[in-house]
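Understanding the architecture of this molecule
These are the residues of each chain, in order.
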Amino acid sequence: MKNFAIRLLVNALALWVAAEIVSGIRLSDELVDVLIVALVFGIVNALLKPVLIVLSFPFLLVTLGLFALVVNGALLMLTAALTERLDVTGLGAAILGSIVISIVTMVMGKVLEDGSD
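Residues numbered from 1 in each chain as written. Predicted model: local features only at pLDDT ≥ 70, side-chain atom pairs only at ≥ 80, totals over all residues. Heavy atoms only, no water.

1. Some remarks on the overall build of the protein
- Helices and strands together make up the secondary structure of the protein, namely 5 helices and 2 strands.
- Since a compact globule built from 117 residues should have a radius of gyration of about 13 Å, the 14 Å found for the protein is in line with a globular shape.
- Along the three orthogonal principal directions, the C-alpha set of the protein runs to about 40 × 35 × 25 Å.
- Within the protein, buried positions represent 36% of all 117 residues.
- A separation threshold of at least 6 residues defines the contact pool for the protein, and within that pool the share at least 24 residues apart is 66%. (Helix = DSSP H or I, 4+ residues; strand = E, 2+ residues; numbered from the N terminus. Rg over C-alpha atoms; globule rule 2.2 N^0.38 Å. Buried < 20%, exposed > 50% of the residue type's maximum accessible area, 1.4 Å probe, protein only. Contact = heavy atoms within 4.5 Å.)

2. Quick word on the nonpolar core
- Formed by 23 residues in total, the largest nonpolar core has its most connected members in Leu15, Ile25, Leu27, Leu76, Leu86, Val88 and Ile101.
- Among the secondary structure elements, those contributing two or more residues to this core are helix 1 (2–21), strand 1 (25–27), helix 2 (31–55), helix 4 (67–82), strand 2 (86–88) and helix 5 (91–115).
- In terms of residue count, the dominant contributor to this core is helix 1 (7 residues).
- Among all residues touching Val88, those that are not within four sequence positions of it are Gly24, Ile25, Leu76, Met77, Ala80, Ala93 and Ala94. (Core = buried A, V, L, I, M, F, W, Y, C linked by side-chain atoms within 4.5 Å.)

3. Some remarks on the packing of helix 1 against helix 2
- The interhelical angle for the contact between helix 1 and helix 2, taken along N-to-C directions, is 105°, at an axis separation of 8 Å. It follows from the interaxial angle that helix 1 and helix 2 lie roughly perpendicular. The segment helix 1 lies against helix 2, with Phe4, Leu8, Leu9, Asn11, Ala12 and Leu15 engaging Val34, Leu35, Val37, Ala38, Leu39, Phe41 and Gly42.
- Of the residues in the contact of helix 1 with helix 2, the class split is 11 nonpolar, 2 polar and no charged. (Axes fitted to C-alpha atoms, helices over the stretch in contact; angles between N-to-C directions. Parallel < 35°, antiparallel > 145°, perpendicular 65-115°, else oblique. Nonpolar A, V, L, I, M, F, W, Y, C, P; charged D, E, K, R; others polar.)

4. Quick notes on the environment of Arg85
- Positionally, Arg85 belongs in the loop between helix 4 and strand 2.
- When the C-alpha positions of Arg85 and Ser28 are compared, they lie 5.3 Å apart, and in sequence the two are 57 residues distant.
- The contacts of Arg85, once residues within four sequence positions are left out, are Arg26, Leu27, Ser28, Asp33, Ile36 and Val37.
- One polar contact links Arg85 to Asp33, side chain to side chain, over a distance of 2.8 Å. (Polar contact = N/O pair within 3.5 Å; in protein donor to acceptor, adjacent residues only side chain to side chain.)

5. A look at the pattern of salt bridges
- What the rule picks out here adds up to 2 salt bridges.
- The partner of Arg26 in a salt bridge is Asp87, and the shortest N-O contact between them spans 2.2 Å. One end of the pair, Arg26, is in strand 1; the other, Asp87, is in strand 2, with 61 residues separating them in the sequence.
- A salt bridge links Arg85 to Asp33; the shortest N-O distance between them is 2.8 Å. Note that Arg85 is positioned in the loop between helix 4 and strand 2 and Asp33 in helix 2, a separation of 52 residues in sequence. (Salt bridge = Lys/Arg side-chain N within 4 Å of Asp/Glu carboxyl O.)

6. Focus: the side chain of Ser98
- Examined against the element boundaries, Ser98 turns out to sit in helix 5.
- Look at Ser98 and you get buried, because its relative accessible area is 5%.
- A distance of 2.8 Å separates a polar side-chain atom of Ser98 from the backbone oxygen of Ile95.
- Those residues in contact with Ser98 that lie beyond four places of it in its chain are Leu69, Asn72, Gly73 and Leu76.

This is the structure:
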């Protein structure tokens with residue numbers, strides 16, 4: 001349960017940073033709303049990302065993995081479609097947002113990993 005809470009908070013922080021940096025992404029200012037969006041985003045990623053990666057495998061090979069950015073952006077757009085608390089204006093903003101989310105998540109993972117030793 002602790003691991004789930006940490007992942008939820010890291011996702012919430014990453015989404016908030018993406019909304020602050022990328023002009024095409026708007027996120028509610030309420031903490032509860034940000035946590036709800038983070039939960040929906042986590043569920044969407046857990047359920048659909050593996051399927052989309054398998055289905056897009058030929059594109060991933062041809063683009064040397066860069067098509068994964070499009071997949072991640074599409075998942076962010078789907079999250080925005082599922083909740084009123086997040087708004088993404090287009091695929092370009094979604095791809096940039098997914099890059100920011102990935103970077104923040106990676107950095108926070110390293111920070112939390114180093115802090116547990």
